[in-house]
Amino acid sequence: MKNHHYQTTVTWTGNTGCGTKDYRAYERCHEINIDGKECILGSSDPDFRGDRSKHSPEDLLVAAVSSCHMLWYLHLCTTAGVVVTAYEDNAEGVMLENTNGSGCFTVILLRPVITVTDGAMIDKANELHKEANKMCFIANSCNFPILHEPRYQVVEEEDLAL
């Protein structure tokens, strides 16, 4: 087994002058910095006094699951001989908020639209989602179901050359 380490610096930028003196006195804005990468501007979800123009932790969790699944899926397609030419996921997460303000995700639904070069590949392509889910580092770290509703399009290889 091999350990991998990830370091992130999160800096709160929402002090409007009096800190957390009052619940409404501060912004939830923050920066997520990882050495050598672009800064991600974050905030809480707008339902929790956040800035809707910035990424929330909930947004980033759904994106992480979707991205990790896609990367494993594409790898597995490569090794299985399934030629994918496009992949776009419209993922959705559902979070349950408890009466005390805490909460948890109850499900993430991945809805990728996948383009393959041969309709005969679709059955195998569909099976690979289960395997990708087993391999995804992020999915393996979640305690809620991650479901898949893939759709497929076929664009023949000769059509790609046009």
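Before reading on, note that the structure itself is shown above.
Residues numbered from 1 in each chain as written. Predicted model: local features only at pLDDT ≥ 70, side-chain atom pairs only at ≥ 80, totals over all residues. Heavy atoms only, no water.

This part is about helix α2 (residues 122-135). If you check α2, its first and last C-alpha atoms are 20 Å apart, about what 14 residues at 1.5 Å a residue would give, namely 20 Å. Among all positions of α2, only Ala125, Leu128, His129 and Ala132 are buried. On the buried face of α2, the contacting elements are α1 (57-80), β4 (84-89), β7 (112-116), β8 (146-148) and β9 (151-154). (Helix = DSSP H or I, 4+ residues; strand = E, 2+ residues; numbered from the N terminus. Expected span 1.5 Å × (residues − 1). Buried < 20%, exposed > 50% of the residue type's maximum accessible area, 1.4 Å probe, protein only. Contact = heavy atoms within 4.5 Å.)

A few words on the pattern of salt bridges. Under the definition given, this model contains four salt bridges. With its nearest N and O atoms 3.0 Å apart, the salt bridge here joins Glu92 to Arg111. A residue pair is termed long-range when its members are at least 10 positions apart, and Glu92 in strand β5 (residues 92-97) and Arg111 in the loop between β6 (103-110) and β7 qualify at 19 residues. With a closest N to O distance of 3.6 Å, Glu149 and Arg111 form a salt bridge. (Salt bridge = Lys/Arg side-chain N within 4 Å of Asp/Glu carboxyl O.)

Read from one edge to the other, the open sheet built from three strands follows the order β4-β7-β9, with strand pairing classed as mixed. Of all strands in the sheet, those bounded by a partner on one side alone are β4 and β9. Averaged over all pairs of adjacent strands, the angle between strand axes in this sheet comes to 15 degrees, irrespective of strand direction. The sheet contact formed by β4 and β7 spans five bridges and is antiparallel. Note on β7: the bridge partner recorded for Glu88 is Val113. Along the sheet face, α1 touches β4, β7 and β9 and points at about 165 degrees away from the line of β4. With respect to the sheet, α2 is in contact with β4, β7 and β9, its orientation differing from that of β9 by roughly 145 degrees. (Pairing = 2+ DSSP bridges. Axes fitted to C-alpha atoms, helices over the stretch in contact; angles between N-to-C directions.)

Now for the sheet that holds β5. What the three strands build is an open sheet, ordered β5-β6-β8; its pairing is mixed. Only two strands of the sheet have a single neighbouring strand rather than two, namely β5 and β8. Put simply, the sheet's adjacent strands are angled 20 degrees from each other on average, direction ignored. Two elements, β6 and β8, share three bridges in a ladder whose sense is parallel. When the sheet's bridge partners are listed, Ile108 is paired in β8 with Ile146. This element, α1, spans β5, β6 and β8 of the sheet and lies at about 35 degrees to β6.

What follows is about the state of the cysteines. In this structure the tally under the stated criterion is zero disulfides. Free of any disulfide, Cys29 has its nearest cysteine sulfur in Cys39, 11 Å distant. Residue Cys29 is classed as buried on the basis of its relative accessible area, which comes to 9%. Cysteine Cys77 shares no disulfide, and the gap to the nearest cysteine sulfur, in Cys136, comes to 15 Å. Judged by its relative accessible area of 1%, Cys77 falls in the buried class. (Disulfide = S-S within 2.5 Å.)

Taken as a whole and assessed by the stated rule, the structure comprises four aromatic pairs. Here the aromatic rings of Tyr73 and Tyr87 are separated by 5.8 Å at their centres, their planes lie at 50 degrees, and the arrangement is tilted. Remark: Tyr87 occurs in strand β4 and Tyr73 occurs in helix α1; sequence separation between them is 14 residues. Residues Tyr73 and Tyr87 agree in their burial class; the two are buried. Above the plane of the ring of Tyr23 lies Arg28, whose end atom (NZ or CZ) is 4.6 Å from the centre. In this structure, Arg28 packs its charged tip against the face of Tyr26, placed 3.9 Å from the ring centre. (Phe/Tyr/Trp six-rings, centres within 6.5 Å; stacked < 30°, edge-to-face > 60°. Lys NZ or Arg CZ within 6 Å of the ring centre and 35° of its normal.)

These values are about where atoms sit, not about what they do.
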